[in-house]
Each structure stands twice: as structure tokens, then as C-alpha cells.
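# Coordinates in review
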Amino acid sequence: MKIVVIGGTGLIGTKLVRRLRQQGQEVIAASPGTGVNCITGEGLAEALAGAEVVVDVANSPSFEDKAVLDFFEVSGRNLLTAEAAAGIKHHVALSVVGTDRMLGSGYFRAKMAQEELIKASGIPYTILRATQFFEFMGGIARSGAGADGVRLSPALVQPIASEDVAEALADVTLGAPMNGTVEVAGPERRPLAELVRKHLSASKESREVIVDADAPYFGVQLDDQSLTPGDGARVMPTRFDDWLALSRLEPS
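Only a predicted model underlies this, so the values are computations on that prediction, with no experimental measurement involved. (Residues numbered from 1 in each chain as written. Predicted model: local features only at pLDDT ≥ 70, side-chain atom pairs only at ≥ 80, totals over all residues. Heavy atoms only, no water.)

So, on to the pattern of salt bridges. For the coordinates displayed, the defined rule picks out 17 salt bridges. Across the pair Arg234 and Glu167 runs a salt bridge, and its minimum N-O distance is 3.6 Å. Placement of the pair is Arg234 in strand E14 (residues 234–235) and Glu167 in helix H6 (residues 162–174), with a sequence separation of 67 residues. Here the salt bridges do not stand alone but share partners, grouping Arg18, Arg19, Glu163, Glu167, Asp171 and Arg234 into one network. (Salt bridge = Lys/Arg side-chain N within 4 Å of Asp/Glu carboxyl O. Helix = DSSP H or I, 4+ residues; strand = E, 2+ residues; numbered from the N terminus.)

Reading across the sheet, the three strands line up as E6-E7-E11 and stay open at both edges, with mixed pairing between neighbours. Two strands bound the open sheet, and with one partner strand each, they are strand E6 (145–146) and strand E11 (209–211). Sheet analysis places E6 next to strand E7 (residues 149–152), joined by two bridges and oriented antiparallel. Counterpart to Ala145 in the pairing with E7 is Val150. (Pairing = 2+ DSSP bridges.)

Quick look at unusual backbone geometry now. Backbone geometry places Asn179, a non-glycine residue, at a positive phi of 50°. By the secondary structure assignment, Asn179 is in the loop between H6 and strand E9 (180–185).

This paragraph deals with the pairing of E9. Successive residues of a regular strand alternate their side chains across the two faces of the sheet. Bridge analysis of strand E5 (residues 125–130) against E9 gives five bridges, and the strand direction is parallel. Along E9, the bridge assignment pairs Thr126 with Gly180. Pairing analysis gives two bridges linking E9 to E14, with the strands arranged parallel. Bridge pairing in E14 places Ala185 opposite Val235.

Burial runs high along E5: six of the six residues are buried. Here E5 shows no split at all, with Tyr125, Ile127 and Arg129 on one side and Thr126, Leu128 and Ala130 on the other all buried. Where strand E4 (residues 90–96) meets E5, six bridges bridge the pair, whose relative direction is parallel. Its bridge partner lying in E5, Leu94 is registered against Leu128. Between E4 and its parallel partner E5, the chain crosses via helix H4 (residues 106–120), and the hand of that crossover is right-handed. (Buried < 20%, exposed > 50% of the residue type's maximum accessible area, 1.4 Å probe, protein only. Right-handed = clockwise from strand over helix to strand, strands pointing away.)

This part is about H4. For H4, spanning 15 residues, the distance from its first C-alpha to its last is 21 Å, which sits close to the expected 21 Å at 1.5 Å a residue. Residues of H4 that are buried: Gly106, Tyr107, Phe108, Ala110, Lys111, Met112, Ala113, Gln114, Glu115 and Ile118. On its buried face, H4 sits against strand E3 (53–56), helix H3 (65–86), E4, E5 and strand E12 (216–217). N-capping of H4 is provided by Ser105, with a side-chain oxygen placed 3.2 Å from the backbone N of Tyr107. Positioned one or two residues after H4, Gly122 has a phi angle of 85°, which is positive. (Expected span 1.5 Å × (residues − 1). Contact = heavy atoms within 4.5 Å. Polar contact = N/O pair within 3.5 Å; in protein donor to acceptor, adjacent residues only side chain to side chain.)

Quick look at the nonpolar core now. One finds Ile6, Leu44, Leu48, Leu192, Val196 and Tyr217 to be the most contacted residues of the largest nonpolar core, which totals 44 residues. Sorting the residues of this core by element identifies strand E1 (2–6), helix H2 (44–48), H3, H4, helix H5 (137–143), E7, helix H7 (192–202) and helix H8 (240–246) as the ones contributing at least two each. Leave out the neighbours within four places in its chain, and Val196 touches Met137, Ile140, Ala141, Leu152 and Val209. In terms of nonpolar packing, the next biggest core, distinct from the first, is built from 24 residues, Val27, Ala130, Ala170 and Met236 among them. (Core = buried A, V, L, I, M, F, W, Y, C linked by side-chain atoms within 4.5 Å.)

By themselves, these are just geometric observations and shouldn't be taken as functional.
If you want it as C-alpha cells, here you go:
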């Protein structure tokens, strides 16, 4: 089976491409660097020729409200139009747990717009919503940084290792279209501020993490349900502390 992975050279894409190839699939790792650009449409038709499945794990280079919305709407429309022309049988997209509860954030509004385009396309699909990646904790620290330290919410999150996301994505990719949304998460619910504090310590950073229930997460105030999965989510095995012990982290 020929599978095209959009964003196939990024954090999740590289892991997914490797897993699918190990299972004997023909996989195209599509990205602007390999000549496939969903914003301009360059290379899309050629990459999709003969493919059965497209997996979209591309992310916006900017989180600014207008830029991120433009990215997901333009790339989504171009990709889905090319898929319809190519007769793609299954569109798989990676999204975020809690997207529908976080619409005060421009990024999550953009992800919701992407999901709605997929549902309206008429192409059989599966949307996999994942919780925050362990690898994203440094970015979360930067988002909460201020003159007095890093202010973060104590709300519970249930983050996941990117390798586990790739495993779940591979299973969805090789399965039948669900025409619906499924969730995947790590095994533990822990306070966001605690996880970032551990990540900064492992990165040999001295910045203080200040627990602040009013601290926004990319523009939205969190509670314990904002970013945690519902019943029926697939729970993957890798624990944050085990991942941290094996990681070589650079200061963020």
C-alpha cells in the first residue's frame, strides 16, 4: 500500500514513516523540503498518484492567530482537493485532545477548522487527537516565561511520548477509516506545572516555575478537563519520568 505522510520529515512524521516502512509499506515522506508543499500545491498531485492513504501530521510554523488559521485552512483545502482528484481512500489527521474545549486559543480554533474541512470533504477519514507531547514541555515553558519565572497552571494533563503517538498513528493508518475521532494519551495525569518543572531541571535550567491557576495556556485558562482525554481513549505505556531519564535535553 502506498501511503503519503504530509509533514513526513518532522518530529512525528519521521517516526511514523519509519514504523510504516518497517511494516513493509511504500511510504512517501512529503514536506516542502522533499518538494511537496500543501500551501502552494507544489508536488501534491505527483506525490499522491497511486496512493491509497494520506496522513497529515504537518504543523504551522507560526502560532499567531491569523497565520495559523491561514496555514490549516489553505493547506487543508489544497490537500483534500488533491486527494479527491487522486481517489484517496483514507485521510488520517493528527489533532489535539481538547480542541473543542480550547476555542479561546487561535491555535485550537485553527485545528478545529482543519477538522471541519476533513469532515466535510467526503473522503473517508480518521482524526486521531493526541495529548501534549513530552517533547513539547520546553515550548510550554517558553510560552509561560516572564520576568519573575515561568508561570504555569496546576491543571492536570496526560501527556504522551511522540514515539507512542507514532505507534498509535501507524495503527490508525493501517486500519479502516472510522469517519470519526479517536483519542490517545499517556498513562499518567499530572499537574502541568510539575511536569514542566521536572523538564527544566533535567535540562539544567534554573528558571523558577510559579504555580498560577490563572496562568493562560496559549491564551486559554485551563481546568483538569481541558487537555485530558475522555473515556475510551487509547492509553500508551511510556511514563514521563522514564522518558525524561533516557532523554538528552538541551536548555529551552
